[in-house]
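# Summary of structural features
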Amino acid sequence: MKRQMASMKSNGRILRHIRWQSSGFVFGHLSFPRIIWLLVMLFLATYATTVQGFDFDRITFEHLLWPMALVGLLVWALGRFRDLPAAAWTGFYVAWIGLAGTILRVPSLTNVGRAVMVVGAITAILDMPSQRGFIAMALWSAVVGIATEYQCLGSFRGLRGASVGFLIYILVPFALVHNLGLLEKLYAGGLSDDLTGVGSRALLRWLRSSLWPRIERQGRSLSLLLLDIDDFKLVNDRLGHTQGDEVLRKFAQLIRSEIRHQDIICRYGGDEFVVFLLDATSKEAVSVANRLRRVVGDVFQKEYPDCPLTVSIGVASYPEDAQDMDSLLEAADKALLEGAKLQGKNQVATAASLRSPDPWEMVSRELPTDLLPLVEMTYLATEETVDHLSHLAELGYRLGKMLGLPEERCIRIVQGAALHDVGKLALPKAIWRKSGPLSQEEDEVARLHPELGVGMLANLGLHGPLIDTVRHHHEWWDGTGYPMGLKGEEIPMEAAILSVVGAYDDLTRDRTYGRILTPKEALRKIKALSGVQFSPIVVDKLEELLHMEGLVEAAASNLNSHES
């Protein structure tokens, strides 16, 4: 019973992406055939109007047919332009019914008009509308057809005429509605994976021609996750293929439970799955990917303790990583294979991290080998990516150079960027996974992480200036920071730099409780706290660096005008 309910929900996810336009799955893009149909019907309706004419001495139902058709055409065009399939479907068939009714007015074209009504009902159902939508359209078609024939032709006054009317306007639509469920099953079967019930590669092909053009036209963002179960072959070898199939079904179910209803999941092949996150940035996609990675690991650890499974995930986003769907899939696949898998599996890697020099290599070469596992554990536990670490390290290193620090101290900034949050490992996971602001009690616990980190590093044999960098990266320039309340130049320069670059990265890339800011907006916020939270000399150098890179053109004038 549970599997049947899951299958119904999965079918709903699949069908919602092709409803109102599903005939395109069978016949391809239908704009041209529809236009041909409309041109033929417009010709016949114009001919019928020329032959029959209108009696304008009294307003009757037949006078509404042409306005109905024109309004329908307008709604169809607007629906197509604004990518509203339901509105486009409604407008098209309202126009169809109006033109068919106009053709019906002429006695010599009565059978043509009836045939057009029947064809309209059949083509309308092929687009797989909702049941209510089709019933409403069928009822309107019956009203238009019966009223036109009765008023203009005197039909349905005999038994034969009534029988024909019942067959055309009542029985045919009723039969089509009755078979709409069968049609949905056929479409769902053609677009879903037999084993897991999620979308198949056929759905991917459909999305390439239907979803992707809308994303491009509307300038929307889209992120793609490519998930692969690590060492899945061991499941089949140890537990058997039947159990392996059950693992894949469970995996698909876990993915569905962690994504939104509007997101799309397809089986890409074997133990690989693709998830389309609509209107999601790369940062949001990484957050979803890390949540999925954690949930999969926790569930499979409990359910298959003899063969615990993990998942590696590649992330790519449009438009920054690719300009078409195939390229986006390739970018995610490359991030999966060359990033997540090569980093040791059970990882999340982004396509952006592969375009630039390997950030992990940059940081790891400056750390003792025995500290690398600790850093990896920290970023897995806090659901951060190595990209965040590398941004802090790179920006901190460059600011150190601009401030004239020797190479040794600049390297210390890089090391501090990698190690500054290791104390979070000793805190409750709920604090760092909480989606909202921390309570006062939770904040007090969170403030312990610098000293906890120092204790962990001291146990590993680290002492001296690097320890001070980690301990003091949350000190404030005015002395109100923690853990020791150092003030001004008492704060080590390396820690002061980490404080500034950490705030800048949070504002521009990782806003947990607010929107992501532009470099100019972030700089304005940081300058407002210069001399309060941040070192004024470091803030000035940050502004200079951003100005050099063209990220905050005329930043100084804007800030001055803002202050005045």
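Keep in mind that this is a model prediction, so the values were computed, not measured.

## So, the nonpolar core
In this structure, Phe134, Leu203, Leu207, Leu222, Leu224, Phe276 and Leu328 are the most contacted members of the largest nonpolar core, which totals 76 residues. Considering each element in turn, this core owes the most residues, eleven residues, to helix 5 (residues 85-104). Leave out the neighbours within four places in its chain, and leucine 328 touches Trp212, Leu222, Leu224, Ala316, Ser317, Tyr318 and Ala322. Val275, Val286, Val295 and Phe300 belong to the second largest nonpolar core, which has 34 residues in total.

## Description of the pairing of strand 1 (residues 222-229)
Most of strand 1 is tucked away, with eight of its eight residues classed as buried. Here strand 1 shows no split at all, with Leu222, Leu224, Leu226 and Asp228 on one side and Ser223, Leu225, Leu227 and Ile229 on the other all buried. In terms of strand pairing, strand 1 meets strand 3 (residues 272-278) through seven bridges, oriented antiparallel. Bridge pairing in strand 3 places leucine 222 opposite leucine 278. Of the strand pairs in this sheet, strand 1 and strand 4 (residues 311-318) are connected by eight bridges, and their pairing is antiparallel. Paired with leucine 222 across the bridge in strand 4 is tyrosine 318.

## Description of the sheet that holds strand 3
Sheet architecture is open: five strands sit in the order 2-3-1-4-5, paired in mixed fashion. Lying at the two open borders of the sheet, with one neighbouring strand each, are strand 2 (264-269) and strand 5 (348-350). For this sheet, the mean inter-axis angle between neighbouring strands, taken without regard to orientation, is 20°. Pairing between strand 2 and strand 3: five bridges, direction antiparallel. Pairing of glycine 269 across the sheet is with glutamate 272, part of strand 3. In this fold helix 13 (residues 282-303) packs onto strand 1, strand 3, strand 4 and strand 5, with an angle of close to 165° to the strand it touches most, strand 4. Helix-sheet contacts for helix 14 (residues 325-341) involve strand 1, strand 2, strand 3, strand 4 and strand 5, and the interaxial angle to strand 4 is about 145°.

## Digging into the side chain of aspartate 230
Mapped onto the elements, aspartate 230 comes out in the loop between strand 1 and helix 11 (233-239). A polar side-chain atom of aspartate 230 sits 2.7 Å from a polar atom in the side chain of threonine 310. Here the side chain of aspartate 230 touches lysine 341 through a polar contact of 2.6 Å, side chain to side chain. In contact with aspartate 230, other than residues within four places in its own chain, are Leu309, Thr310, Val311, Ser312, Lys341, Lys345 and Asn346.

So, how was this worked out
- Here, residues in each chain are numbered from 1, in the same order as that chain's written sequence.
- The model is predicted, so local features are restricted to residues of pLDDT at least 70 and side-chain atom pairs to those at 80 or more, both for listing and for counting; the totals for chains, interfaces and linings are taken over all residues.
- Only hydrogens and water are removed before side-chain values are computed, so all heavy atoms of the structure are retained for them.
- Working definition of a nonpolar core: buried Ala, Val, Leu, Ile, Met, Phe, Trp, Tyr and Cys residues. They are joined through side-chain atoms within 4.5 Å.
- The rule is simple: take the accessible area with a 1.4 Å probe, protein chains only, and divide by the maximum for that residue type; under 20% is buried, over 50% is exposed, in between is partly exposed.
- In DSSP terms, a helix is any run of H or I states spanning at least four residues, a strand is any run of E spanning at least two, and both are numbered starting from the N terminus.
- Contact criterion: two residues are considered in contact whenever any of their non-hydrogen atoms come within 4.5 Å of each other.
- If DSSP finds at least two bridges between two strands, the strands pair.
- Note on geometry: axes are lines fitted to C-alpha atoms, helical ones only across the stretch in contact, with angles between N-to-C directions running from 0 to 180 degrees.
- The definition of a polar contact used here is a pair of N or O atoms within 3.5 Å, where within protein one atom must be able to donate a hydrogen and the other to accept one, and adjacent residues in sequence count solely through side-chain atom pairs.

In short, shape yes, function no, at least from these values alone.
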